[in-house]
Amino acid sequence: MLGRKGLILGAGVVVFLGLAALTDAIMSRNEAPAEPGKAQALDQGWSMELREKFYFTSQGSQLMPYAMLRALEQPLSDKLFLDPAHVAEMGFLPADGPSALNPDGLPIGFVKDPRPGGALGPIVGLTCAACHTADIEAKNGALIRIDGGASQGDYQLLMARLSKALDITLADPAKFQRFAARLVAMDPKTVRPALEALATEIRRLEAASWTPVPYGRGRLDAFGHILNAVAATAINEPANYRIPDAPVSYPFLWTTPWQRYVQWNGVAGNPLGRNLGEVLGVFGHADFANGNLAAASSTALGENLVALEAWVSGLKPPPWPEKVLGKVDAAKAKRGAELFKANCAGCHGGPDYRLTPAAETEGGRQWLAVSMVDVNTVKTDPKMAMNFITRYAKPGPFTLPPTAPRLPDGQVLAGSLLLAAVSTITENDLRARGITGDARKAAYGWRFAPGSNTPQSGWLLPPSYKAGPLAGVWATGPFLHNGSVPTIYDLLSPEEERPAVFYVGSKRFDAEKLGFVSSYDSIPEAERVRVSRFDTSLPGNSNRGHAFPTGAKLPPEDRTAIIEYLKVLEGPDVRH
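Values in this document were obtained by computation on a predicted structure and should not be read as measured data. (Residues numbered from 1 in each chain as written. Predicted model: local features only at pLDDT ≥ 70, side-chain atom pairs only at ≥ 80, totals over all residues. Heavy atoms only, no water.)

S.K.: So what's going on with the nonpolar core? Which residues, and what values?
M.R.: Formed by 62 residues in total, the largest nonpolar core has its most connected members in Phe 54, Ile 146, Leu 325, Trp 474, Phe 509 and Leu 566. Of all the secondary-structure elements, those providing two or more residues to this core are α2 (48–56), β7 (133–137), β8 (143–147), α10 (302–313), α11 (322–325), α12 (330–343), α18 (488–492) and α19 (556–566). Broken down by element, the residue count for this core peaks at 5 residues, all from α19. Filtering out sequence-adjacent residues up to four positions away, Leu 325 remains in contact with Ile 136, Ala 138, Ile 144, Trp 320, Trp 474, Phe 509 and Ala 511. (Core = buried A, V, L, I, M, F, W, Y, C linked by side-chain atoms within 4.5 Å. Buried < 20%, exposed > 50% of the residue type's maximum accessible area, 1.4 Å probe, protein only. Helix = DSSP H or I, 4+ residues; strand = E, 2+ residues; numbered from the N terminus. Contact = heavy atoms within 4.5 Å.)

S.K.: Go over the packing of aromatic side chains with me, naming the residues and quoting the values.
M.R.: As enumerated under the stated definition, the model contains 17 aromatic pairs in all. Relative to Phe 56, the ring of Tyr 55 has its centre 6.0 Å away and its plane inclined at 85°; by these criteria the two rings are edge-to-face. Residues Tyr 55 and Phe 56 agree in their burial class; the two are buried. Through successive ring pairs, a cluster of aromatic residues spans Trp 320, Trp 474, Phe 509 and Phe 516. (Phe/Tyr/Trp six-rings, centres within 6.5 Å; stacked < 30°, edge-to-face > 60°.)

S.K.: Provide a residue-level description of the sheet that holds strand β6 (residues 123–126), including the pertinent values.
M.R.: The strand order across the open sheet built from 3 strands is β4-β6-β5, with neighbouring strands paired in antiparallel fashion. Strands at the two margins of the open sheet, each flanked by one partner only, are β4 (64–65) and β5 (110–112). (Pairing = 2+ DSSP bridges.)

S.K.: I'd love a proper account of the pairing of β7, names of residues and values included.
M.R.: With respect to burial, β7 is a largely interior element, 5 of its 5 residues being buried. Burial of β7 is two-sided: the residues Thr 133, Asp 135 and Glu 137 facing one way and the residues Ala 134 and Ile 136 facing the other way are all buried. Of the strand pairs in this sheet, β7 and β8 are connected by 5 bridges, and their pairing is antiparallel. Residue pairing for β8: Asp 135 is matched across the bridge by Arg 145. Adjacent in sequence and paired antiparallel, β7 and β8 are bridged by 5 residues, among which Gly 141 carries a positive phi angle near 90°.

Here it is, written out as structure tokens:
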């Protein structure tokens, strides 16, 4: 167990602070005023310059030519596709305006690749911030920026509107003329063929993202898309494709670089492989060189992935902003701390934070000991966990060890194929950039057992979900891995009392229950275009499970006490 005095952790110095006196924790929050109409940034340990870097540093995602996205109009309007109101309607965050790193004012997380590109110029893609930056709205209308939070971006809606916009531009002569006129650097004769080719590719991506149950706001089947990108598209094995039908909420990022397991199912064992796989799931491209794996590569920018991880390692949980969300009841919070310790800390940890044994990792480095809870114990929707561990695929150019599980027809676990593919690309990239020895291990986040040259493995069995640290969780609804419970109060309530249907997409924050306003009648009519209906009876959407304490029900006064404590729960204080 870790005391309040802190300790050296990992490759840097990380001081874990225990729970301060509640009065001090509540009164010491620094809240800088925001400019009118702009979101107020909380003290999460980032300067404005670092926030801009996180928002607009490419990770190697390549969606479409930058110039074409800027020139494209909305499907049924002559307004630009990137008009801030349209961006917000799809759940993404418009930038406050142009900046040095974002001279054309792209939405947060939409980034121009730094490489020249082909005949059509540089490519635009997504970076971490598109899915891991959020705004919440207080009762007085003030906006609060949550860096590293859970976006409300609707991936399927983005792809559907993008595909429709391209098709209508091809079909409507006036729309096409306006589009072509904006592409002043292109030969007019090449515009239509280039647009037709792009529309075909975006149609393919839209079709590949179809699911019988739409994701809605703030969810994505990341592993479904990653596995399809690698196991079906990159190795040209169409039979390996599966419908990506197990969406999960975008997880919050603070403290993740210091956690032993990060994803909901914990399968990635090191940050470099985890982040490279993520790029491949959001428009990154892998090339396995027709089976010459020594030449395999991808569009992922390894150096930038290491930088992004380093920046996130200094991101702190968002402090509760009393001036806009209301004062914390210190007496309730104190009682909530006792209830949290008795009922929640056993899985989620908290002051004092548990660490992994020093003997497990080279140099005695330690990480936050994240609990992986068997799906048969937590009893939340098992679809995401089971999709991953039961999926098999043709191995293509990869030869897995003879001991690897396989079907009689030679198919191997898709997760094992993904690990082999990501490891191959990562090692080739490090070798090409001359990164060896300790520099190589640092790129992997020092995730190595003593004396080993192979990065540590992630979690696989039994199928489980992560119970991570909860500092700052107040700002990250909806809850559970699949986003099936709208507020913390509902999550602490008996399963039968949780809403069966609710709406996701409002930024209006409920400071009493901790979550977003989610009943249809409570959402202003003008904002209803931005919400999606969440039906917990549909496959993958179950709101059951996480019924703790086992065999008992928390009375309402205990739920509200835990809620007050979660507003001030201290997390790791990362210092370099």
